[in-house]
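# Reading the structure
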Amino acid sequence: ACDLLREVLAQNPNLHGVRPFLAMCLSARGEHEAARAELNEPVKRNASVDPDIAYAVASVFALEGDRDQAFEWLQRSVALGNENKPLFEHDPNLAGIRDDPRFGEVIRRVTRG
């Protein structure tokens, strides 16, 4: 998957919404510095207005163990309209942050709609 995503980005470097998915793959391979490098300013700019990209950025930070950033982006995703509670509750990328009280707050916010 990493190779395919790198190929896509080499041909289309402005597909900033793809970079968080490459970052997830890199994180899974233990390439943490490379994973974080994919979350550059253009990616964050797109994520600040797109709930799906914001969720993907949150996932990368969760995988990387940066809970504060993970929650910042997860909350932004919800604020932008992402109410996919089943995904939040079952996505393995978020497993490392579910025990944090802030996760319950996010779920309550989505449930209240």
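Below: a short report on this structure.

Let us now look at the nonpolar core. Residues L39, V57, W73, L74, F88, I97 and F103 are the most contacted members of the largest nonpolar core, which totals 33 residues. At the level of elements, α1 (2-11), α2 (19-28), α4 (41-47), α5 (51-63), α6 (67-79) and α8 (101-112) are the ones that each hand at least two residues to this core. Top contributing element to this core by residue count: α5, with nine residues.

Okay, the pattern of salt bridges next. Two side chains with opposite charge may pair up if their charged atoms get near one another. This model, assessed by the stated rule, comprises 11 salt bridges. Taking the shortest distance from any N to any O, the salt bridge between E31 and R6 comes out at 3.7 Å. In this pair, E31 is assigned in the loop between α2 and α3 (32-37) and R6 in helix α1, connecting sequence segments 25 residues apart. According to the relative accessible area criterion, E31 is partly exposed, its value standing at 27%. Note that D66 is salt-bridged to R36, the shortest N-O span being 3.7 Å. Here D66 is found in the loop between α5 and α6, whereas its partner R36 is found in helix α3, with 30 residues between them in sequence. A relative accessible area of 21% means that D66 is categorised as partly exposed. What you see here is one network of salt bridges that share partners, running through R67, D68, D99, D100 and R102.

About the thresholds
Residues numbered from 1 in each chain as written. Predicted model: local features only at pLDDT ≥ 70, side-chain atom pairs only at ≥ 80, totals over all residues. Heavy atoms only, no water. Core = buried A, V, L, I, M, F, W, Y, C linked by side-chain atoms within 4.5 Å. Buried < 20%, exposed > 50% of the residue type's maximum accessible area, 1.4 Å probe, protein only. Helix = DSSP H or I, 4+ residues; strand = E, 2+ residues; numbered from the N terminus. Salt bridge = Lys/Arg side-chain N within 4 Å of Asp/Glu carboxyl O.

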